[in-house]
Amino acid sequence: QSGLTQPASVSGSPGQSITISCTGTSSDVGRYNLVSWYQQYPGKAPKLMIYKGSKRPSGVSDRFSGSQSGNTASLTISGLQAEDEADYYCCSYAGIRTYVLGTGTKVTVL
Amino acid sequence: QVTLRESGPALVKPTQTLTLTCTFSGFSLSTGGVCVSWFRQPPGMALEWLARIDWDDDKYYSTSLKTSLTISKDTSKNQVVLRVANMGPVDTATYYCARTMAEADGAYFDYWGQGILVTVSS
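Residues numbered from 1 in each chain as written. Chains lettered and ligands numbered in written order. Predicted model: local features only at pLDDT ≥ 70, side-chain atom pairs only at ≥ 80, totals over all residues. Heavy atoms only, no water.

Caption draft 1: Structural context of the pairing of strand E7 (residues 86-93) of chain A. Residues and elements named next belong to chain A. Across the eight residues that make up E7, a large majority, seven, are buried. Alignment of E7 against strand E9 (residues 105-109), held across three bridges, turns out to be antiparallel. The partner of Asp87 across the bridge, within E9, is Lys106. As paired elements, E7 and strand E8 (residues 99-101) share three bridges and run antiparallel to each other. Looking at E8, one finds that Ser92 is bridged to Val100. The turn joining E7 and E8, which pair antiparallel and follow one another in sequence, is formed by five residues; a positive phi near 75° is taken by Gly95. (Buried < 20%, exposed > 50% of the residue type's maximum accessible area, 1.4 Å probe, protein only. Helix = DSSP H or I, 4+ residues; strand = E, 2+ residues; numbered from the N terminus. Pairing = 2+ DSSP bridges.)

Caption draft 2: Representation of the packing of aromatic side chains in the model. Tallied over the entire structure, the rule returns 13 aromatic pairs over all chains. Between Tyr51(A) and Tyr108(B) the ring centres are 4.3 Å apart and the planes differ by 35°, which places this aromatic pair in the tilted class. One end of the pair, Tyr51(A), is in the loop between strand E4 (47-50) and strand E5 (64-69); the other, Tyr108(B), is in strand E10 (residues 106-112), on a second chain. Considered together, Tyr51(A) and Tyr108(B) belong to a single accessibility category, that of buried residues. Three or more aromatic residues joined by ring pairs form one cluster here, namely Tyr32(A), Tyr38(A), Tyr93(A), Tyr99(A), Phe39(B), Trp49(B), Tyr96(B), Phe109(B) and Trp112(B). A cation over a ring is seen here: Arg97(A) above Tyr60(B), with NZ or CZ 4.2 Å from the ring centre. Directly above the ring of Phe27(B) sits Arg99(B), whose terminal nitrogen or CZ lies 5.3 Å from the centroid. (Phe/Tyr/Trp six-rings, centres within 6.5 Å; stacked < 30°, edge-to-face > 60°. Lys NZ or Arg CZ within 6 Å of the ring centre and 35° of its normal.)

What follows is the structure in structure tokens.
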């Protein structure tokens, strides 16, 4: 099963908003509407940023928000800060008792 | 405070079976809705989900790796073990375990271990 499609890189200036897309199919993202998003710094473990499509865990900045339309989920980072520079991955339940992750997006703060 | 830590060999030879242990604290794997999953990430590449074991011992496996993976738990020791058979160079990766919360309307991975780099080489 191939990964969910994410742009390889997204960049923005401090203070701007950026959106990372995560495109799947009607068998995963489009069917279950339960995408989660993870932030990963180089050499570090992933960190949960968004779950069940749009919920934020305690301690995650409200600058991070999630949404979904059809087979595409999105992560928006508003008020971009230097500390947001990291890799981001989406994840969806794919049915048949499996999960599928995205290809990953490197966010660069200009 | 929830913590997870992966342990196992840093180096394995081709064709060997890799055994990794995830030792956790701060939660119980006998609580309904609580699970543990394994992931891996080859150097410079994307994350890949491997397997999940639930509080009731239900098990989920990656379709592409199903025949090579075995996941098990020892609730009394707060440990989850992943075995990967017939290791090859493509299995060189950092392996992570993560607490998985399985709720009626979805599952997510909320706490992660620091990861362990496993290299396959003769």
